[in-house]
Amino acid sequence: MTSGLKVAIVGATGVVGNAFLRVLEQRRFPIRQLFLLASDRSHGQSLSFAEHEYSVTSVASFDWDEHKIDIAFFSAGNDISRRYAPIAREAGCIVIDNSSAFRYDADIPLIVPEVNGDDLSPKKGMIIANPNCSTLQMSLVLAPIYRAAGIKRVIVATYQAVSGAGQGLLDTLRESHSSLSSIHANVIPQIDVLEDNGYSREEMKMLWESRKILRIPDLLLSATAVRVPVENGHSQAVVIETSIPLSESEAYQCLESQRGLTVLKEGWVTPKEVSGQDNVVVSRVRQDLAFGETGLSCWIVGDNLLKGAALNAVQIAERLLDAVNFSFR
Ligand code: A2P
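Residues numbered from 1 in each chain as written. Predicted model: local features only at pLDDT ≥ 70, side-chain atom pairs only at ≥ 80, totals over all residues. Heavy atoms only, no water.

Peer 1: Teacher, can you tell me more about the state of the cysteines here?
Peer 2: Here a disulfide denotes a covalent bond joining the sulfur atom of one cysteine to the sulfur atom of another. Scanning the model with the defined rule gives 0 disulfides in all. With no disulfide partner, Cys 133 has as its closest neighbouring cysteine sulfur the one in Cys 298, 17 Å distant. Using a relative accessible area of 14% as the deciding quantity, one classes Cys 133 as buried. (Disulfide = S-S within 2.5 Å. Buried < 20%, exposed > 50% of the residue type's maximum accessible area, 1.4 Å probe, protein only.)

Rendered as structure tokens:
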């Protein structure tokens, strides 16, 4: 690796960190030097990437000024992002942050490259937010529908995999399906903290982030976010009320034009089938019985670690590389 970028992954030992390593390797991201960062607990641990072993360093002792990192992917939670992303940015690094710490700041772009990649204007020393997993996947369906017929309202119920909650819960599910765990053979209708209005933060993220990504500030959206005992792959049942009538065949036509989205006209797809796939899949598109000719119902499934986390973040980085003649330091 003699040419390319200096890249850091913060949270490299986690589930999403692991997905970053796989995605960067598969997509042959141009890396000259790779730094894997995590907590003190993991300091010295070895992780492999592209047939090389890398030693994990504690982010607390990492010197951003000294290492002059070009791009850092953060996925170690809000607190770590709040604490270290601004330091990295000050040192001239482009931070692509998978936490929700900066998503609602007006000056921080929140990007799904196939939907609002135009909102990116790259510069040295900036933070770009990677959206919430379910919101990101849903936006690939909402964007083309919005362009074709406008959107008044969205009602969505999610069925979110355990991998989205990190290695701890994933281990719990795997450990002989520990019957003591509340996620075993069960579903949990709360993800993240409950807000004063009775919605969970995860549900509010779907509203706040959809408005920002789709640039529909008055979008009405009501979500119910549910954790299910699926290892990987998020699903959602979405009902969309459009501004003008949109037939099923017109809906298929506009959905098929959306990059990053696979449209299944016959049958349906499950999270197991979509796990490991880059594209989000929409199936069971049908005229909604409650809203009539201005209503569509559909079933959306996507790999939450890929187009839901690591893949989208790496695609943001690739878009930046395309947009500017990135000057290596
Ligand atoms: P570590 O493995 O050292 O705890 P997951 O979402 O799968 O639980 O992963 C969380 C990621 O965030 C891990 O890489 C974890 O590192 C990292 N992390 C958690 N707490 C800290 C911290 N205080 N400082 C740095 N990294 C942290």
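Peer 1: Would you mind showing me how to read the side chain of Ser 163 here?
Peer 2: Relative to the helices and strands, Ser 163 resides in the loop between β8 (151–160) and α6 (167–174). Within the local environment of Ser 163, its side chain forms a polar contact with the side chain of Asn 304, the two groups lying 2.9 Å apart. The residues contacting Ser 163, other than those within four sequence positions of it, are Val 15, Leu 170, Glu 231, Asn 232, Asn 304 and Leu 305. (Helix = DSSP H or I, 4+ residues; strand = E, 2+ residues; numbered from the N terminus. Polar contact = N/O pair within 3.5 Å; in protein donor to acceptor, adjacent residues only side chain to side chain. Contact = heavy atoms within 4.5 Å.)

Peer 1: When you look at the sheet that holds strand β13 (residues 292–302) in this model, what are you seeing that I'm missing?
Peer 2: Strands in a sheet are paired, the pairing made by backbone hydrogen bonds, and the direction either parallel or antiparallel. Across the sheet, which stays open at both edges, the 6 strands sit in the order β9-β8-β10-β13-β12-β11 with mixed pairing between neighbours. Both outer strands of the open sheet, β9 (220–227) and β11 (261–263), are each paired with one neighbouring strand and no more. On average, each strand axis in the sheet is tilted by 20° relative to the strand beside it, whichever way the strands run. Inspection of the sheet shows strand β12 (residues 280–288) paired to β13 by 6 bridges, in the antiparallel sense. When the bridges of β13 are listed, Ser 283 appears paired with Trp 299. Against the sheet, helix α8 (residues 248–256) contacts β11, β12 and β13, and its axis sits at roughly 160° relative to β12. (Pairing = 2+ DSSP bridges. Axes fitted to C-alpha atoms, helices over the stretch in contact; angles between N-to-C directions.)

Peer 1: It is not clear to me how the environment of Val 285 should be interpreted in this structure. Could you clarify?
Peer 2: Tracing the backbone through its elements, the reader meets Val 285 in strand β12. Along the sequence, Val 285 and Val 239 sit 46 residues apart, while their C-alpha atoms lie 9.7 Å from each other. In this view, Val 285 contacts Glu 248, Ala 251, Tyr 252, Leu 255, Leu 296, Ser 297 and Cys 298; residues no more than four positions away in its chain are not counted.

Peer 1: Looking at this structure, I do not really get the layout of surface pockets. What am I missing?
Peer 2: There is about 990 Å³ of room inside the largest pocket. Put simply, the parts of the chain that give the lining of the largest pocket at least two residues each are α1 (15–26), α3 (78–90), α7 (201–214) and α10 (306–323). The dominant element in the lining of the largest pocket, judged by the number of residues it contributes, is α3, at 4 residues. Of the residues assigned to the lining of the largest pocket, the class counts are 15 nonpolar, 21 polar and 9 charged. Split by domain, the residues of the lining of the largest pocket number at least three in each of domain 1 (5–131 + 309–322) and domain 2 (134–304). Its volume calculated, the second largest pocket comes out at about 170 Å³. (1 Å grid on protein atoms, 1.4 Å probe; cavity = no way out; pocket = protein on both sides within 12 Å on 5 of 7 lines; lining within 4 Å. Points joined across faces, edges and corners; volume = space filled by probe spheres on them. Nonpolar A, V, L, I, M, F, W, Y, C, P; charged D, E, K, R; others polar. Domains from an automatic or database assignment.)

Peer 1: Sorry, what's going on with the site of the ligand here?
Peer 2: The environment of the ligand is formed by 15 residues, the closest being Thr 13, Ser 39, Arg 41, Ser 42 and Gln 167. With respect to the ligand, the backbone of Val 15 contributes an N or O atom lying 2.9 Å from an oxygen atom. The contact in question runs from an oxygen atom of the ligand to an N or O atom on the backbone of Gln 167, over 2.9 Å. Protein chains shield 69% of the accessible area of the ligand, which is 570 Å² for the free molecule. (Near = heavy atom within 4 Å. Areas by Shrake-Rupley, 256 points an atom, 1.4 Å probe, with all protein chains shown as cover.)

Peer 1: Looking at this structure, how should I read the domain arrangement of the protein?
Peer 2: The accessible area lost on association of the parts is a frequent measure of interface size. Partitioning the protein into structural domains gives domain 1 (5–131 + 309–322) and domain 2 (134–304). Placing the centre of domain 1 and that of domain 2 at their C-alpha centroids yields a distance of 25 Å. Counting from both sides, the interface comprises 18 residues of domain 1 and, opposite them, 20 residues of domain 2. For the pairing of domain 1 and domain 2, the buried interface totals around 1700 Å² over both sides, and the portion due to carbon and sulfur atoms is 57%. By the criterion of area lost to domain 2, the three top residues of domain 1 are Val 15, Glu 114 and Val 115, representing 34% of everything that side buries. Across the salt bridge formed by Glu 209 and Arg 103, the nearest N and O atoms sit 3.0 Å from each other. Applying the counting rule to domain 1 against domain 2 returns 8 residue pairs in polar contact (both at pLDDT 80 or more). (Buried area = accessible area lost by both parts, 1.4 Å probe. Salt bridge = Lys/Arg side-chain N within 4 Å of Asp/Glu carboxyl O.)

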